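A closer look at the structure
So the chains spell out like this:
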Amino acid sequence: MIDRERFPIDPWRLTETRYVEDGIAETLFAMSNGYLGLRGNHVEGRGAHEHGTFINGLHETWRIRHAEQAFGFAEVGQTIVNAPDAKIMRLYVDDEPLSFDEADVREYRRSLDLRTGVLARDVLWETPSGKRIRMRDERIVSFEERHLAILRLNVTVENSDAPVTISCQLLNRQDGGTVYTGDPMGAKKAGFDPRKTEKITERVLDPAEYWQDGLRSALSYRVADSGMTVAVVADHVIETDNEYSARQFIEPDIAKNVVRVQAKAGIPIRITKLVSYHTSRGVPPRELIDRCRRSLDRAAIEGVDEQFRRQRAWLDAFWERSDVQIEGHDDLQQATRWCLFQLAQAAARADGAGVPAKGLTGSGYSGHYFWDTEIYVLPFLTYTTPQWARNALRARVLMLPAARRRAAQLNEAGALFPWRTINGEEASAYYAAGTAQYHINADINFALGKYVRATGDDDFLRREGVDVVVETARLWATLGFWRTSNGTPAKDLTHRGGDTFHIHGVTGPDEYTTVVNDNLFTNVMARHNLRYAAKIVQEIAQDDPAAYDALVERTGLDAGEPEAWDRAAEAINIPYSESLGIHPQDAMFLEREVWDLANTPDDQRPLLLHFHPLVIYRFQVLKQADVVLALFLQGNHFTAEEKLADFQYYDPLTTGDSTLSAVVQAILAAEVGYQDLALEYFRHALFVDLGDLHQNSSDGVHVASAGGVWTTLVCGFGGMRDHAGELSFDPRLPVEWPSLSYPLQWHGTALRVTLTRDELRVAVEQGEPVSFTVRGVEYTVAEGADVVAPLADQGPVIAGRPTLRQFEDARRDDGTRLSASVPVMTNALPVLGVFED
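Description of the structure in this document.

Rules of the game
Residues numbered from 1 in each chain as written. Predicted model: local features only at pLDDT ≥ 70, side-chain atom pairs only at ≥ 80, totals over all residues. Heavy atoms only, no water. Helix = DSSP H or I, 4+ residues; strand = E, 2+ residues; numbered from the N terminus. Rg over C-alpha atoms; globule rule 2.2 N^0.38 Å. Contact = heavy atoms within 4.5 Å. Areas by Shrake-Rupley, 256 points an atom, 1.4 Å probe, with all protein chains shown as cover. Lys, Arg positive; Asp, Glu negative; His and termini not counted. Charge placed at Lys NZ, Arg CZ, Asp CG, Glu CD. Buried < 20%, exposed > 50% of the residue type's maximum accessible area, 1.4 Å probe, protein only. Salt bridge = Lys/Arg side-chain N within 4 Å of Asp/Glu carboxyl O. Axes fitted to C-alpha atoms, helices over the stretch in contact; angles between N-to-C directions. Parallel < 35°, antiparallel > 145°, perpendicular 65-115°, else oblique. Left-handed = near helix turned anticlockwise from the far one by under 90°. Nonpolar A, V, L, I, M, F, W, Y, C, P; charged D, E, K, R; others polar. Pairing = 2+ DSSP bridges. Expected span 1.5 Å × (residues − 1). Arc of directions from axis to C-beta. Polar contact = N/O pair within 3.5 Å; in protein donor to acceptor, adjacent residues only side chain to side chain. 1 Å grid on protein atoms, 1.4 Å probe; cavity = no way out; pocket = protein on both sides within 12 Å on 5 of 7 lines; lining within 4 Å. Points joined across faces, edges and corners; volume = space filled by probe spheres on them.

It is worth spelling out the overall build of the protein chain at this point. Tallying secondary structure elements over the protein chain gives 19 helices and 35 strands in all. Its C-alpha radius of gyration of 28 Å places the protein chain within 12% of the 28 Å reference for a compact globule of 837 residues. Its C-alpha atoms give the protein chain principal-axis dimensions of about 90 × 75 × 55 Å. Sequence-distant contacts, at least 24 apart, represent 68% of the contacts inside the protein chain between residues at least 6 apart. Per element, the accessible surface of the protein chain, about 30600 Å² overall, is 49% carbon and sulfur. The average position of the 87 basic charges and that of the 121 acidic charges among the side chains of the protein chain differ by 4 Å.

Below, the structure written as structure tokens:
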């Protein structure tokens, strides 16, 4: 799962003990703060899978060329831009470069310290002439100063005098061609993979102002089509008792500050590179350079050591409110903390921008924002650092004008948020697995409601958030339709007894089943959206007439709309199969044949890379949890028996081809009793990047999976739920774990929850008393007095895992028998099977 010789166990560090140029370490050791991200490229700046420097929101746009155009298709694509690279600090001794593919490296160690936020690398290099060079480089991307990164290089020739040269560079790799970018390993890999970013062949960064002033260098650009601007300025501080000289070189796409040192044996050389990036959607590059100057001037006044100290202090506070502790399992502890650190790196200083699916650790998924943020990342932010959650939700508020335009384009009222985007416009060229995922609206509403209920931030809701709630509800009201008791569809909202409300032509979270009618996840989440909107509008009208009047003025809200939303929510169709005793994923899902995953060869996984979508769409097979996700998010609307039956049916049909799946399966497996299976799914999610389990970690961290790791620990094993704003616990501690402990923020109160096999202990570390339930028993905890809830057990236990064999005699509601097959052609005929294990 993970190479423990290369990456040894350490609960607070990720350490690499040997140099491997595979692209994975570039992701694992990437440094970011939510605004600025530096991939874990070595300072030599040579061989790499992807030389990457990414800034949240900095993107290029391009015209999407559809083979066959249709009205309403997304028209403008968006791709994250590779910002100028400031990581390069190349070392030469006797005019020979340190190059890992040739150098005699006697010692190598690279370590990311999760407590200090410092990435450090130690190398002992022996030249062909026998000179031993010890070097240490360190870097941080500051959490305190979102525009600041610092790289520090220490070099000592231990046993001889030698001429040493260090070439510090700023480099436009986006447009530099092979002269600047080299021949990345990724370019040698053939094959289609829709998860990778688009490649733009035209020039992207048009040069603007560039200059050097002593040891300070500046480059700036305007992005060719999007019109965004970016500037980078770097300062250099040289510290040594050796004689040295400094030279400069500048062109539009490269700036060099070269330090030549007459190094004496044992006399160290230190060069510190302070770098500032600023971006804008319209500010001239010259103004951005001035901002960079101010950022660097401030850092210089405060001192480099102070920046490192503040990084440590920031992380001390982060871990105090975020650290989940697994007793007795340092391997799991290390991986958990690495995942939580990735969430901080992805969201901490996004400051109103979205959270990209890969954070800022790689260009995978083109730097786009998806529903991942609301369903997988926002829970962690909400319950540990609510301000970050608020910032992420404000990013959606800012997209509302574009979402309204998109809804109108699709002939609907309200707003339709983009499935994938950077600038707020829809960027998904494949509507069946993009725009058709209307559930993005309900996902955003769900996360917003969860945030408000967990924090009590009614001010945000009434000033900004309620607009999102209203406009998303409006979309469901027009997207859906009424079917009368005699089967006649009616588009108006007149509701009579026995009538049902349906939503057709949508795609749920499972992208292996697209454009369906009455997708269960969509309907369940739309129901929540409609109910929440009606409730909130009615509460505002009653409690804050001025806020209600302002809402009406902003949105044109009609007084009858909330009642209509409530009626639709109450009548929405929730598919159910009486014969199978399960909730079908959609109205026609059970009509499809079953894909026999147990007999599908490993070399045909993931399915999306080996089968045409039309082949996949004909089968009951899931890319990721769909119904099962609804069972978790809206668990208070399903019985324990329904959850068990649904989990047992869908688990054998779920490929896990999406990294979003394992965490959800783990949570429901734990709840319904498959506790060993829950731990298996958890371990898969935990090491999805550290172990490169999906063979694409080189493209960036799977941030949503990292968020799901926290949710699995807190909600799956920790048993926390907050349905309807009521805090409750029903834990499922794994057998081999002595204890699990985690902090929670609830309405401004800092809680600490500690779970053992016999009890659940809740303490208030700071704040007001909090009421909650443990398996239905009510408790209230106040500061200074822990509450202990005894536990008779850790919930139901079911051995093994669900298989298709349990359905070998199962029949659909029409009496036809379910059968399983693998779509492999033999003598022009498909190979069929009947529920074989």
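Let us now look at the environment of T435. Along the chain, the position of T435 falls in the loop between α8 (400–409) and α9 (439–455). Assessed through its relative accessible area of 9%, T435 is described here as buried. As a C-alpha pair, T435 and W419 span 16 residues in sequence and 5.8 Å in three-dimensional space. When near neighbours in sequence (up to four residues on either side) are disregarded, T435 contacts R406, L410, L416, W419, E426 and Y430.

Let us now look at the pattern of salt bridges. A complete count under the given rule lists 72 salt bridges for this structure. Between D22 and R6 there is a salt bridge, with its nearest N and O atoms 2.8 Å apart. Of the two residues, D22 sits in the loop between β1 (13–16) and α1 (24–28) while R6 sits in the segment before β1, which places them 16 residues apart along the sequence. Where R132 meets E158, a salt bridge forms, and the shortest distance between an N and an O atom there is 3.4 Å.

What follows covers the packing of helix α16 (residues 640–650) against helix α17 (residues 661–672). In contact at an axis separation of 10 Å, α16 and α17 are set at 130° when each is read in the N-to-C sense. In terms of their interaxial angle, α16 and α17 are classed as oblique. Between α16 and α17 lies a crossing of left-handed hand. From α16, K643, L644 and F647 reach across to α17, where they touch Q665, L668, A669, E671 and V672. When its residues are assigned to classes, the contact of α16 with α17 shows five nonpolar, one polar and two charged.

The next subject is the sheet that holds strand β7 (residues 89–93). Taken in spatial order, the five strands line up as β8-β7-β13-β18-β17 in an open sheet, and their pairing is antiparallel. Here the strands that pair on one side only, and so sit at the sheet edges, are β8 (96–97) and β17 (243–251). The pairing of strand β13 (residues 162–171) with strand β18 (residues 254–263) spans 10 bridges and is antiparallel. When the sheet's bridge partners are listed, L170 is paired in β18 with A255.

Glancing now at the side chain of S697. With respect to the secondary-structure elements, S697 resides in the loop between α18 (675–686) and α19 (703–717). Of the residues examined, S697 reaches a relative accessible area of 0% and is grouped as buried. Every residue in contact with S697, bar those within four places of it in the chain, is listed here: I24, T27, V688, D689, D692 and H702.

Spatially, three strands are ordered β2-β3-β4 in an open sheet, and the strand pairing comes out antiparallel. Each edge of the sheet is formed by a strand with only one pairing partner; in this case those strands are β2 (31–32) and β4 (53–55). In this sheet, β4 lies alongside strand β3 (residues 36–38) in antiparallel orientation, the contact comprising three bridges. Counted as the bridge partner of G37 is F54 from β4.

Looking at chain direction, strand β29 (residues 749–755) and strand β30 (residues 759–766) are connected through six bridges and run antiparallel. Within β30, the residue paired with L751 across the bridge is V764. Count of turn residues in the β29/β30 antiparallel hairpin: three residues.

Let us look at helix α3 (residues 285–302). Across its 18 residues, α3 extends 26 Å between first and last C-alpha, which sits within 8% of the 26 Å expected from 1.5 Å per residue. Listing the buried residues of α3 in full gives P285, L288, I289, C292, S295, L296 and A299. Buried residues of α3, seen end-on, are gathered within an arc of 120° and therefore sit on one face of the element. Opposite the buried face of α3, by more than 90 degrees, sit the exposed residues R286 and I301. Tucked inside the fold, the buried residues of α3 contact β12 (148–157), β14 (205–213), β15 (216–223), β16 (229–240), β19 (269–280) and α4 (304–322). The first or second residue beyond α3 is G303, which carries a positive phi of 100°.

What follows deals with unusual backbone geometry. The residue after R605, namely P606, is reached through a cis peptide bond having omega -10°. You can see P606 is positioned in the loop between β24 (593–595) and α14 (613–617). The phi angle at D518 is positive, at roughly 50°, despite the residue not being glycine. Residue D518 is classed as buried on the basis of its relative accessible area, which comes to 3%.

Looking at the secondary structure, you find D510 in the loop between β23 (500–502) and α11 (520–543). K623 provides the closest opposite charge to the buried, salt-bridge-free D510, at an N-O distance of 7.8 Å. Separated by 3.0 Å, the side chain of D510 and the backbone nitrogen of Y512 make a polar contact. Residue contacts for D510: discarding those within four places in its chain leaves Q585, V621, L622, K623, Q624 and D626.

Here we take up empty space enclosed by the protein. According to the stated counting rule, one finds seven cavities of 30 Å³ or more in the structure shown. Approximately 190 Å³ is the volume found for the largest cavity. Looking at the largest cavity, it is lined by 19 residues, and the ones nearest its centre are P379, F632, L633, T711 and C715. Mapped onto the lining of the largest cavity, the elements with two or more residues apiece are α6 (372–384), α9, α15 (627–633), α17, α19 and β26 (720–721).

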